[in-house]
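# Structure assessment
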Amino acid sequence: MESRRVLKELYLGIIIVEVFFLIIGIFLMRPYYLFAIGIGIGILGAFFEVYHMYDCLDKALSMPPKNARSYVTSRSFIRLVSSAALMIIGFSIHWVTFVGIAISLISIKVSALVNPLVRRITDKGSKEDTN
């Protein structure tokens with residue numbers, strides 16, 4: 001199933017992007033452990049949002065267009081509120097935690113941009129397994 005494959009590739013892309021940001025954070029963010037906590041919380045939030053989008057679109061495709069539009073809009077609002085709640089929680093802990101959470105939520109977009117690279121890497125691994 002192609003949609004499951006894309007979902008897994010997005011998860012892998014999020015992890016790759018976050019490792020990159022953690023390495024940069026070692027040098028730029030103080031206290032680093034609060035930044036790492038923010039990244040961890042943000043990764044969980046990003047995984048939730050990606051799966052929620054996948055599930056929402058999957059269900060919307062089987063609905064009549066008028067119902068699908070309102071369904072997708074309401075689910076998008078839920079993701080927006082959950083992102084805002086995560087960032088408020090992060091800011092209440094420390095501004096460095098907020099930065100980690102915000103970067104992790106943006107990593108969804110970056111993961112989509114690096115998806116062709118991730119796909120190339122995963123395709124190479126699957127071809128080696130068949131040989």
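To start, this report covers the structure provided alongside it. (Residues numbered from 1 in each chain as written. Predicted model: local features only at pLDDT ≥ 70, side-chain atom pairs only at ≥ 80, totals over all residues. Heavy atoms only, no water.)

## Things to note about the side chain of serine 83
- Of note, serine 83 is situated in helix α3 (residues 65–93).
- Exposure remark for serine 83: the relative accessible area of 11% places this residue in the buried category.
- Ignoring any residue separated from it by four or fewer positions in sequence, one finds serine 83 in contact with Glu49 and Leu105. (Helix = DSSP H or I, 4+ residues; strand = E, 2+ residues; numbered from the N terminus. Buried < 20%, exposed > 50% of the residue type's maximum accessible area, 1.4 Å probe, protein only. Contact = heavy atoms within 4.5 Å.)

## Side note on the pattern of salt bridges
- For the structure shown, the criterion picks out 4 salt bridges.
- In this structure, glutamate 9 and arginine 5 form a salt bridge, with 3.1 Å as the shortest nitrogen-oxygen distance. Here arginine 5 and glutamate 9 lie together in helix α1 (residues 2–28), a separation of 4 residues that amounts to about one turn.
- What makes glutamate 9 buried here is its relative accessible area of 3%.
- The partner of arginine 5 in a salt bridge is aspartate 123, and the shortest N-O contact between them spans 2.2 Å. Residue arginine 5 is found in helix α1, and its partner aspartate 123 is found in helix α5 (residues 115–130); the two are separated by 118 residues along the sequence.
- Overall, arginine 5 belongs to the partly exposed group, its relative accessible area being 30%.
- Here the salt bridges do not stand alone but share partners, grouping Arg5, Glu9, Arg119 and Asp123 into one network. (Salt bridge = Lys/Arg side-chain N within 4 Å of Asp/Glu carboxyl O.)

Just geometry here; none of it tells us what the structure is for.
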